Amino acid sequence: MASKRIYLCLAHMSGNEQKYIQEAFYTNWVVPLGPNVDGFEQDLQLFAGENKHVVALSSGTAAVHLALVACGVGPGDEVCVQSFTFCASSHPITYVGATPVFIDSERDSWNMDPALLEQAILDRKAQTGRYPKAIIPVALYGMPYRIEEIIAIGDRYDIPVIEDAAEGLGSRYKGQVLGTFGRYGVLSFNGNKMITTSGGGALICPDEEAKRKIMWYATQAREAYAYYQHEAIGYNYRMSNICAGIGRGQMTVLNDHIRHHQHIARLYQEAFAHIDGITFHAVPSPDYESNYWLSTIELDESLKVANQEEAYSIAIQGAVGGAAGVTRQSQTIRTECQPNDNVEALRIALDKAGIESRPLWKPMHKQPVYRNAPAYTNGVSESIFLRGLCLPSGPMVSDEDAAYIIQSIQQSIIR
Ligand SMILES: *Cc1c(COP(=O)(O)O)cnc(C)c1O
């Protein structure tokens, strides 16, 4: 059965990507500006709505970075960021010399807990005399955050919200797409995201002036002289016309991709409703429309998985996602915070069956690199991390694949 391997979310070139890339070559527009960049930004603009202005960038990480710069975040400032996230939400806070203040999650969406956010804001004010300079909620695995409450808190203390919708492209809250509620909205087109430009990102901006400022920062902050004149520090963060060509093609299949991810999620949800000890992470209410970028499950601690006694007996070779050559050799097999043995045993069993699965993102407040950062916690993200697993969800996952994955999971469970 396992003759091919089933991945979490493989890129799928199913639009007219090639046409746009070829045009870029024929017309010699291969630099970080040109017709594809303009066209891709127009497509994104249509997606975000007429009140918004979108800049295409070299990565989602760059988009987070420039949103912080545009919000005036600098050395000595603090930024409230969801702890349960990929490092690209919080690392750029350190790039600008500021300190992340990690906010734990609430149980329903797995995203930023608004009550804890407000508590953190008040406590930071009491401790440092100043309010944090920005708030970054994250649409983890595509699930919308409690955006109305988060925006209301931001407004109450006059703190801008930067939505990290990198995983939530096309997800909606009450019908409105994520990334368009806050002052800025971050999108990612990395190779494994909902759509890809090979690597890339975008920043949804509130107005034309903000867009111009982001473009200026993204092209080394050049002043209008015949020679290079620099009065501010800029970055080389624009998207190339080649990548934007892929993006234009991918935009034509974005809705197909979203529907496919949602369809695969439904298959899992129906199946796991009948399997004791496994809970599918579904939207908390009809107000939330997740793109289900990745389908995720939680395993009860009491669930017995074959070979779980040996779950952490061998060291992992290579990185999460098979990124060969980009990891250091680990010093230890275990860390002080890791998925439960049954989760790791299931991951290994699926791997042997030719199925890629992955632990949930380890909360940033549990990461050694952030050991000194303030954190406002309630135990929620840590407990979900210990029990959770991401399952294959992308455009290359067929109905037969989903059935095979569900069957493989059932076979590893000991009743
Ligand atoms: C992917 C991702 C980003 C942006 O990542 P890039 O790879 O730089 O495009 C930001 N935040 C989250 C939560 C992500 O998953």
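In this report, we go over the structure that sits alongside the text.

A word on the pattern of salt bridges
- Overall, the coordinates contain 18 salt bridges when judged by the stated rule.
- With its nearest N and O atoms 2.8 Å apart, the salt bridge here joins R387 to E298. Note that R387 is positioned in helix α11 (residues 380-387) and E298 in strand β12 (residues 295-299), a separation of 89 residues in sequence. Each member of the pair, R387 together with E298, is buried.
- Residue D341 is joined to R334 by a salt bridge in which the shortest nitrogen-to-oxygen separation is 3.9 Å.
- Note on D341: relative accessible area 28%, which makes it partly exposed.
- Assessed through its relative accessible area of 43%, R334 is described here as partly exposed.
- Taken together, the salt bridges that share partners define one network made up of E41, K211 and R238.

Comments concerning the site of the ligand
- Close to the ligand lie 15 residues; T61, D164, E167, S188 and K193 are nearest.
- A distance of 3.2 Å separates an oxygen atom of the ligand from a polar side-chain atom of K193.
- Here the ligand, which alone exposes 380 Å², has 93% of that area covered by the protein.
- In the shell around the ligand, the residues fall into 4 nonpolar, 8 polar and 3 charged.

As for the nonpolar core
- I103, L117, I135, Y141 and F189 are the most contacted members of the largest nonpolar core, which has 60 residues in total.
- With 5 residues, the top contributor of residues to this core is helix α2 (residues 35-48).
- In terms of domain composition, this core takes at least three residues from each of domain 1 (17-253) and domain 2 (255-412).
- When sequence neighbours within four positions are dropped, the list of residues in contact with Y141 reads W110, E167, S290, N291, Y292, W293, L294, T296, L360, W361 and C390.
- Judged by nonpolar contacts, the second largest core, of 34 residues, contains L66, C205, Y370 and A373.

Brief notes about empty space enclosed by the protein
- By the definition in use, this model includes 1 cavity of 30 Å³ or more.
- Empty space within the largest cavity amounts to approximately 40 Å³.
- Residue lining of the largest cavity: L140, Y141, G142, M143, H281, S290, Y292, L294 and T296, and that is the complete set.
- Its residues placed into classes, the lining of the largest cavity shows 5 nonpolar, 4 polar and no charged.
- Mapping the lining of the largest cavity onto the domain boundaries places at least three of its residues in each of domain 1 (17-253) and domain 2 (255-412).

Quick word on helix α1 (residues 17-26)
- Buried residues of α1: E17, Y20 and A24, and no others. The buried side chains of α1 occupy one side of the element, clustering within an arc of 75 degrees when seen end-on. Within α1, the exposed residues directed more than 90 degrees away from the buried face are Q18, F25 and Y26.
- Contact partners of the buried residues in α1: α2 and α8 (241-251).
- N28 lies just past α1 and shows a positive phi near 65 degrees.

Considerations on the pairing of strand β9 (residues 201-205)
- For β9, the tally of buried residues reaches 5 of 5 residues, placing the bulk of the element in the interior.
- The two faces of β9 match: G201, L203 and C205 on one face and A202 and I204 on the other face are all buried.
- Here strand β1 (residues 53-57) runs beside β9; their pairing, made up of 5 bridges, is antiparallel. Residue pairing in the sheet places A56 in a bridge with A202 of β9.
- Pairing analysis gives 4 bridges linking strand β8 (residues 184-188) to β9, with the strands arranged antiparallel. When the sheet's bridge partners are listed, L187 is paired in β9 with A202.

Describing unusual backbone geometry
- The phi dihedral of Y141 falls on the positive side, at around 60 degrees, and the residue is not glycine.
- Tracing the chain through its elements places Y141 in the loop between β4 (134-136) and α6 (147-156).
- The class for Y141 is buried, based on a relative accessible area of 2%.
- Its identity as a non-glycine residue notwithstanding, S198 has a phi of 80 degrees, on the positive side.

Things to note about the environment of I103
- Looking at the element boundaries, I103 is found in strand β3 (residues 99-103).
- Residues I103 and A115, 12 residues apart in the sequence, show an inter-C-alpha distance of 9.8 Å.

Let's talk about the pairing of β8
- The buried fraction of β8 is high, at 5 of 5 residues.
- Alternating residues of β8 divide into Y184, V186 and S188 and G185 and L187, and every residue in both groups is buried.

Conventions and cut-offs
- Residues numbered from 1 in each chain as written.
- Predicted model: local features only at pLDDT ≥ 70, side-chain atom pairs only at ≥ 80, totals over all residues.
- Heavy atoms only, no water.
- Salt bridge = Lys/Arg side-chain N within 4 Å of Asp/Glu carboxyl O.
- Helix = DSSP H or I, 4+ residues; strand = E, 2+ residues; numbered from the N terminus.
- Buried < 20%, exposed > 50% of the residue type's maximum accessible area, 1.4 Å probe, protein only.
- Near = heavy atom within 4 Å.
- Polar contact = N/O pair within 3.5 Å; in protein donor to acceptor, adjacent residues only side chain to side chain.
- Areas by Shrake-Rupley, 256 points an atom, 1.4 Å probe, with all protein chains shown as cover.
- Nonpolar A, V, L, I, M, F, W, Y, C, P; charged D, E, K, R; others polar.
- Core = buried A, V, L, I, M, F, W, Y, C linked by side-chain atoms within 4.5 Å.
- Domains from an automatic or database assignment.
- Contact = heavy atoms within 4.5 Å.
- 1 Å grid on protein atoms, 1.4 Å probe; cavity = no way out; pocket = protein on both sides within 12 Å on 5 of 7 lines; lining within 4 Å.
- Points joined across faces, edges and corners; volume = space filled by probe spheres on them.
- Arc of directions from axis to C-beta.
- Pairing = 2+ DSSP bridges.

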